[in-house]
Amino acid sequence: MSFNNASLLSKLPDVKTTIFTVMGKLANDYNAINLSQGFPDFPSDPILIDLVSQAMSNGKNQYAPMQGTLGLRQSLAEKFDHLYSTNYHPEKEITITAGATQAIFTIISAFIHEHDEVIIFKPAYDCYEPAIELMKGTSVVVQLESPRFKVDWEVVRKLINSNTKMIIINTPHNPSGTIWSKEDMLKLEALVKDTNIIILSDEVYEHIIFDGHQHQSACLFPGLKERSFICASFGKTFHNTGWKMGYCVAPAELMHEFRKVHQFNVFCINHPMQVAFATHLKEPKNYQYISSFYQEKRNFFLNAIKGSRFTCIPSSGTYFQVLDYSAITDENDIDFAKRLVTKNKLASIPISVFNEADNHDTLLRFCFAKKKDTLEKAAEIICNI
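Residues numbered from 1 in each chain as written. Predicted model: local features only at pLDDT ≥ 70, side-chain atom pairs only at ≥ 80, totals over all residues. Heavy atoms only, no water.

### Side note on the sheet that holds strand β8 (residues 246–249)
What holds strands together in a sheet is hydrogen bonding between their backbones, with the strands either parallel or antiparallel. Taking strand neighbours across the sheet as the criterion, the 7 strands line up as β2-β8-β7-β6-β5-β3-β4 in an open arrangement whose pairing is mixed. If you trace the sheet from one side to the other, it starts and ends with β2 (94–97) and β4 (138–143), each paired once. Geometrically, the sheet is characterised by an average inter-axis angle of 20° between neighbouring strands, direction not taken into account. One ladder, built from 3 bridges, connects strand β3 (residues 117–122) with strand β5 (residues 164–170); its direction is parallel. Pairing of E117 across the sheet is with T164, part of β5. (Pairing = 2+ DSSP bridges. Helix = DSSP H or I, 4+ residues; strand = E, 2+ residues; numbered from the N terminus. Axes fitted to C-alpha atoms, helices over the stretch in contact; angles between N-to-C directions.)

Following this line, the structure appears as structure tokens:
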């Protein structure tokens, strides 16, 4: 009997090729300026690269501990103390991961059972829902309305019930570039009080926040910290997304369950890079400059497109800027984004792919984590549309 592909039952039947792959391929095919995917086109700090090379030369080329090297976990504990005046035990409450995406998938895998409900806020990064679906959980969506993307906490309150197992939050927020306020976090803290709801706080852009605002990490709020996983990314902070390194922190009893899955998922993470990051993080200046660095890029990009027909609210965080094209065309955002690549040689991401199925705004997301020359060329195209 021969193998029959038609007999396969997909666990993710509705998942198609991601918009990032689609727009990335179009950008390559049409030799377009690629402001779609969120990766820098400039190099990492050469000092950090040298630290990786030194670690390899010093023999750190075999398996690292499953939890991550103790030196890196200690450096991260010091960072949380320095930034947020809060403590995470380096041996019991910090784990190094293969990027934040692996951390998110592992958290959902460890805690979500069939029929559990997970509240997510859309537009949402596209890795949340497939993981929930794989675990036979149910995504309960709160659609945030443009252009401000503010949370209606009364809507959230009404959605919480005995099946609610987890709430996933993301601040600074991809794709909108908005941030949650202290008031938002306090309202969330009040809503989950006296429940067993786990918070998954996606904080990969924690160091990229603008205009004097402060990042409102879940660890700053006792009622959230006691139930929260915080996921973060070295790639976003240190301009090396291809290294796929991140970490998560959580109270010991939650982290214990996380590691049960983590050890059979990836087991351990790139050893020499961990050694390098452990040293690099010792100097707060190596991550504290990031906000001003990207704010300068945001301002340069927005000033360069002032003469265009696009409108916007300046991004408050992340390295993404959302632009409204409603004064240009009434095309849906996916069609317009594809036309921008094929006709104008500029790649972006349509926001609707992160929304509920029928929620189409006239919004495109552009990545400004690029060299000045790249942004100048992109701005010239935008101003001529």
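### Comments concerning the packing of helix α2 (residues 46–57) against helix α11 (residues 271–280)
Remark: α2 packs on α11, axes separated minimally by 8 Å, with the N-to-C direction vectors making an angle of 130°. Judged by the inter-axis angle, α2 sits oblique to α11. Between α2 and α11 the crossing geometry is right-handed. On α11, the residues touching L48, L51, V52, A55 and M56 of α2 are P272, M273, V275, A276, F277, T279 and H280. (Parallel < 35°, antiparallel > 145°, perpendicular 65-115°, else oblique. Left-handed = near helix turned anticlockwise from the far one by under 90°. Contact = heavy atoms within 4.5 Å.)

### Structural notes on the pattern of salt bridges
In the structure shown here, the tally under the stated rule is 13 salt bridges. Between E129 and K122 there is a salt bridge, and its shortest N-O distance comes to 2.7 Å. Of the residues examined, E129 reaches a relative accessible area of 29% and is grouped as partly exposed. You can call K122 buried: its relative accessible area is 8%. Of the charged contacts, one joins R227 and E226 as a salt bridge, the two residues approaching to 3.6 Å between their closest N and O atoms. Overlapping salt bridges bring together K122, E129 and E356 as one network. (Salt bridge = Lys/Arg side-chain N within 4 Å of Asp/Glu carboxyl O. Buried < 20%, exposed > 50% of the residue type's maximum accessible area, 1.4 Å probe, protein only.)

### What to know about the side chain of S201
Tracing the chain through its elements places S201 in strand β6 (residues 198–202). Reaching out from S201, the side chain makes a polar contact with the side chain of E203 at a distance of 2.6 Å. (Polar contact = N/O pair within 3.5 Å; in protein donor to acceptor, adjacent residues only side chain to side chain.)

### Examining the sheet that holds strand β12 (residues 363–367)
Within the open sheet, the 3 strands sit side by side as β9-β12-β11. Their pairing is antiparallel. Taken across any chain shown, the strands that pair with only one partner, and hence form the sheet edges, are β9 (320–324) and β11 (349–350). In terms of strand pairing, β9 meets β12 through 5 bridges, oriented antiparallel. Within the sheet, the bridge partner assigned to D324 lies in β12 and is L363.

### Quick look at the nonpolar core
Counting residues in each nonpolar core, the largest one holds 69 residues, and the members touching the most others are M166, F229 and F301. Per element, the largest residue contribution to this core is 7 residues, and it comes from helix α4 (residues 99–111). Once residues within four sequence positions are removed from consideration, F301 is found in contact with L35, Q321, L323, F366, F368, L375 and I382. Core analysis: the next-biggest nonpolar cluster, separate from the first, contains 51 residues, V142, V192, L224 and A278 among them. (Core = buried A, V, L, I, M, F, W, Y, C linked by side-chain atoms within 4.5 Å.)

### Quick notes on empty space enclosed by the protein
With the rule as written, the count across this model stands at 3 cavities of 30 Å³ or more. Its volume calculated, the largest cavity comes out at about 60 Å³. For the largest cavity, the full set of lining residues is I120, F121, A124, Y128, L144, I168, I169, N170, H173 and W180. For the lining of the largest cavity, a count of residues per class yields 8 nonpolar, 2 polar and no charged. (1 Å grid on protein atoms, 1.4 Å probe; cavity = no way out; pocket = protein on both sides within 12 Å on 5 of 7 lines; lining within 4 Å. Points joined across faces, edges and corners; volume = space filled by probe spheres on them. Nonpolar A, V, L, I, M, F, W, Y, C, P; charged D, E, K, R; others polar.)

### With respect to the environment of F300
Assignment of secondary structure puts F300 in helix α13 (residues 290–304). Residues within four places of F300 in sequence aside, it is in contact with K372, L375 and E376.

### Section: the packing of α13 against helix α15 (residues 372–383)
Angle between the axes and distance between the axes: these two values describe a pair of packed helices. At a minimum axis separation of 9 Å, α13 and α15 run at an interaxial angle of 30°. Considering the angle they form, α13 stands roughly parallel to α15. Relative to α15, the crossing made by α13 is right-handed. Residues K297, F300, F301 and A304 of α13 form the contact with α15, whose participating residues are K372, L375, E376, A379, I382 and C383.

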